[in-house]
Amino acid sequence: MNSERDFSDIITSLAKKRGFFWGPSPEIYGGISGFYDLGPLGKLLKNRLENQIRSAFVRANFWEVECPTVSPAEVWKASGHLDGFIDPVTQCTKCGQVYRADNLIEEKAPDINIAGQSVEQLSETITKVGIVCPSCKGTLGPVETYNLMMQTRLGLDQDAYLRPETATTTYLLFKRFLTFFRDKLPMSVFQIGKAYRNEISPRQGMLRLREFTQTEGQIFLLEKDELEWPQFEDIKNEKLPLVTYQAQGKDKLDPVMTRMSEAIKKGYFQKPAYAWCVHLAYTIFCKMGFSEKKIRLRQHLPTERAHYAADAWDVEIHTDSFGWVECCGVHDRGNYDLTRHQEFSKENLHVKVDKKPVVPEVLEIAFGIERPLFCLIDNSFQPESEERDTDWLRFPPEVAPIQVAVFPLMGKPELLGPATEIFNQIMDAGFVSQFDTGGSIGKRYRRQDEVGTPFCVTVDYTTIEDGTVTVRERDSMDQVRIHKENLVEGLKNLIRGTIQFSSFK
Ligand SMILES: [Zn+2]
């Protein structure tokens, strides 16, 4: 739709103007699609999101690791990526343009179900339907497979690939984990790091990147743990916005708030451990600042699932730019990965159960950080209005790139001194603060509104007299004076959302 297109342009140009992200990168050399730079505010926002993710995983008893981003070819042979991480492509025989064959068919002939079709079948479909090159109407060549991994070389002649996901590199540490966790399953680990996918002509800006930061949480466990998962008790009464695959038809994608215990009873989830992972993924997205109304959990249709996946649910975020955007996958990977790496590495990647070797199962939560980052900017956007002569960003205080700005009324030494002291106290409390001395207070408020800073503190001559400062809230534009001794504690409560600004004195 036109209006949707327009909105994503608004967000992208705002993000570029205010220093959230720039690109495609490298801009001065024309830019390559699928690559973006994070500007100062984008980097601060990403750090905030990462910290929220990190603390949610750590609270759920996951341990963080970090692995190399380059691995030799044999790893990707074993993982199945060398043979299976492929897109079907077709090249125009006249103008040479390359297209994703499946996307092209879905676009031109949406009624044809092409799930699971081989390249030969896709070629036939293109011929049968009579699809031609969208740009020059030329004949399309045969559909071929194209591997999405980026290749590189180690030393003179060893083939290697940049990892297309962090998960595989986590699995390679299984034996080390056994020692670390003293041979006790379940073991939960996570990784946050770069991954690379050589997408064919990626579009949709920040939503489809060739280099991105991925977060993946993995639980290694036995089949019996999947069914007897004590932590499920803690969340059984929680309600999640679920869209089961049975419920998915035309216009029937509204989520239904469903109690977790009921979802198990009704068979939406087979395994309590898996259901707990879906709940954790939901919690992480709430922690990143998404409103409950903008999140839904959608089950994959049986035709959408990877061949080894027993079940798969996505976290989707509603945006004004693109409608619902898939942001995170929760996967039941079975023991596929460890079995393959055991076979290829010839190392034992199993545990003993009743003296018999058993390869553990894996449950996974996987997502890139750039998508939620874009969606959060989209969700936070507030247009210019009568009260405010600029559009602004309503970031939740906990994840705002700058949480508190500090303004001395004027750049005079008698004000700079106490203002700097307050600025340092706020930084020491663990918040990101900005010290701004430029222009009128009104202009400074406006600049902070534009980048979504929830609170501003002004130090003026009254501060010298009675020790009070002015705190201004972004959303209401209300101001209160409080004593500077109560400031940091008050800001902590405001940013954590444990008190409302209206009750803040
Ligand atoms: Zn063409």
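Everything below is about the structure shown above.
Reading guide: rules and limits
- Residues numbered from 1 in each chain as written.
- Predicted model: local features only at pLDDT ≥ 70, side-chain atom pairs only at ≥ 80, totals over all residues.
- Heavy atoms only, no water.
- Helix = DSSP H or I, 4+ residues; strand = E, 2+ residues; numbered from the N terminus.
- Rg over C-alpha atoms; globule rule 2.2 N^0.38 Å.
- Buried < 20%, exposed > 50% of the residue type's maximum accessible area, 1.4 Å probe, protein only.
- Contact = heavy atoms within 4.5 Å.
- Areas by Shrake-Rupley, 256 points an atom, 1.4 Å probe, with all protein chains shown as cover.
- Lys, Arg positive; Asp, Glu negative; His and termini not counted.
- Charge placed at Lys NZ, Arg CZ, Asp CG, Glu CD.
- Pairing = 2+ DSSP bridges.
- Axes fitted to C-alpha atoms, helices over the stretch in contact; angles between N-to-C directions.
- Donors = N, O, S within 2.8 Å, 3.2 Å for Na, K, Ca; no water.
- Salt bridge = Lys/Arg side-chain N within 4 Å of Asp/Glu carboxyl O.
- Expected span 1.5 Å × (residues − 1).
- Disulfide = S-S within 2.5 Å.
- Parallel < 35°, antiparallel > 145°, perpendicular 65-115°, else oblique.
- Left-handed = near helix turned anticlockwise from the far one by under 90°.
- Arc of directions from axis to C-beta.

Student: Explain the overall build of the chain to me, and be specific about the residues and the numbers.
Tutor: In terms of helices and strands, the chain carries 18 helices and 26 strands. Computed over the C-alpha atoms, the radius of gyration of the chain is 26 Å, within 12% of the 23 Å expected from 2.2 N^0.38 for a compact globule of 505 residues. In terms of overall dimensions, the chain has C-alpha extents of about 80 × 65 × 55 Å along its principal axes. Each of the 505 residues in the chain was classed as buried or not, and the buried ones make up 50%. Summarising the internal contacts of the chain: among those between residues at least 6 apart in sequence, 65% fall at separations of at least 24. Looking at the chain as shown, the accessible area adds up to about 24,500 Å², and 49% of this sits on carbon and sulfur atoms. Put simply, the chain has 62 plus and 71 minus side-chain charges, and the middle of one group is 1 Å from the middle of the other.

Student: Pulling in residues and values, what's your account of the sheet that holds strand 9 (residues 158–162)?
Tutor: Reading across from one edge, 4-9-8 is the order of the three strands in this open sheet, with antiparallel pairing throughout. Looking at the sheet topology across the chains shown, the edges are occupied by strand 4 (70–72) and strand 8 (150–154). The sheet shows a mean angle of 40 degrees between the axes of neighbouring strands, direction not considered. As defined by bridge partners, strand 8 adjoins strand 9 across five bridges and the pair is classed as antiparallel. What sits directly across from Met150, in strand 9, is Leu162.

Student: Please provide a residue-by-residue account of the coordination of the zinc ion, values included.
Tutor: Taken together, Cys92 (SG), Cys95 (SG), Cys133 (SG) and Cys136 (SG) make up the protein donors of the zinc ion, found 2.2 to 2.3 Å from the metal. Counting gaps between the donor residues of the zinc ion yields the pattern C-x2-C-x37-C-x2-C. With Cys92 in the loop between strand 5 (86–91) and strand 6 (98–100) and Cys133 in the loop between helix 6 (119–129) and strand 7 (144–147), the pair connects residues that are 41 residues apart, well separated along the chain. Residue classification places Cys92 among the buried residues on the basis of a relative accessible area of 3%.

Student: Provide a residue-level description of the pattern of salt bridges, including the pertinent values.
Tutor: If charged atoms from side chains of opposite charge come close, those side chains can pair. For the coordinates displayed, the defined rule picks out 28 salt bridges. The residue Lys77 makes a salt bridge to Asp83 at a minimum N-O spacing of 2.9 Å. Asp83 sits in the partly exposed class, given a relative accessible area of 48%. Notably, a salt bridge pairs Arg446 with Asp389, separated by 3.2 Å at the nearest N-O pair. One end of the pair, Arg446, is in helix 16 (residues 441–451); the other, Asp389, is in the loop between strand 20 (381–382) and strand 21 (392–393), with 57 residues separating them in the sequence. With a relative accessible area of 32%, Arg446 lands in the partly exposed category. Residues joined in a network through salt bridges with shared partners are Lys46, Glu50, Arg54 and Glu64.

Student: Provide a residue-level description of the pairing of strand 10 (residues 187–196), including the pertinent values.
Tutor: In terms of burial, strand 10 is largely enclosed, as nine of its ten residues are buried. Sheet topology note: the strand 3 (residues 63–65)/strand 10 ladder contains three bridges and is parallel. From the neighbouring strand, Val65 faces strand 10, where its bridge partner is Gln191. Here strand 10 runs beside strand 11 (residues 211–221); their pairing, made up of ten bridges, is antiparallel. Bridge pairing in strand 11 places Val189 opposite Gln218.

Student: Tell me about helix 2 (residues 40–59), residues and numbers included.
Tutor: Taking 1.5 Å of rise per residue, the 20 residues of helix 2 would be expected to cover 28 Å, and the 29 Å separating its terminal C-alpha atoms lies within 8% of that figure. Burial in helix 2 covers these residues: Leu41, Gly42, Leu45, Lys46, Arg48, Leu49, Glu50, Gln52, Ile53, Ala56 and Phe57. Asn61 sits one or two residues past helix 2 and shows a positive phi near 75 degrees.

Student: Which residues make up the sheet that holds strand 19 (residues 361–368), and what are the values?
Tutor: If you trace the nine strands from one edge of the open sheet to the other, you get 3-10-11-19-16-15-14-12-13, paired in mixed fashion. Every other strand in the sheet has two partners, leaving strand 3 and strand 13 (256–259) as the edge strands with one partner each. Across this sheet, the average inter-strand angle for adjacent strands is 30 degrees, counted without regard to direction. Sheet topology places strand 14 (residues 295–299) next to strand 15 (residues 312–319); five bridges connect them, and they run antiparallel.

Student: Provide a residue-level description of the pairing of strand 24 (residues 455–459), including the pertinent values.
Tutor: Most of strand 24 is tucked away: five of the five residues are buried. Burial along strand 24 is two-sided: the face carrying Phe455, Val457 and Val459 and the face carrying Cys456 and Thr458 are both buried. Inspection of the sheet shows strand 22 (residues 404–408) paired to strand 24 by five bridges, in the parallel sense. Across the sheet, the residue bridging to Pro408 is Val459, located in strand 24.

Student: With reference to specific residues and values, describe the state of the cysteines.
Tutor: Throughout the structure, instances matching the rule amount to zero disulfides. The thiol sulfur of Cys277 is not disulfide-bonded, and the nearest other cysteine sulfur, from Cys328, lies at 10 Å. The thiol of Cys375 is unpaired, and the distance to the nearest cysteine sulfur, on Cys327, comes to 3.9 Å.

Student: Lay out the packing of helix 15 (residues 413–428) against helix 18 (residues 487–496) in plain terms, naming residues and giving numbers.
Tutor: The N-to-C vectors of helix 15 and helix 18 enclose an angle of 45 degrees; their axes lie 10 Å apart at closest approach. Overall, the two elements helix 15 and helix 18 adopt an arrangement that is oblique. In this structure, helix 15 crosses over helix 18, and the sense of that crossing is right-handed. The segment helix 15 lies against helix 18, with Ile422, Gln425 and Ile426 engaging Leu487, Val488 and Leu491.

Student: Tell me about helix 6, and name the residues and values.
Tutor: Those residues of helix 6 that sit buried are Leu122, Ser123, Thr125 and Ile126. In an axial view of helix 6, the angular spread of the buried residues amounts to 160 degrees, which keeps them on one side of the axis. Away from its buried face by more than 90 degrees, helix 6 exposes Glu120, Glu124, Thr127 and Lys128. Tucked inside the fold, the buried residues of helix 6 contact strand 5 and helix 5 (101–108). Where helix 6 ends, the next residue or the one after it, Gly130, has phi of about 80 degrees, a positive value.

Purely geometric numbers; function is a separate question.
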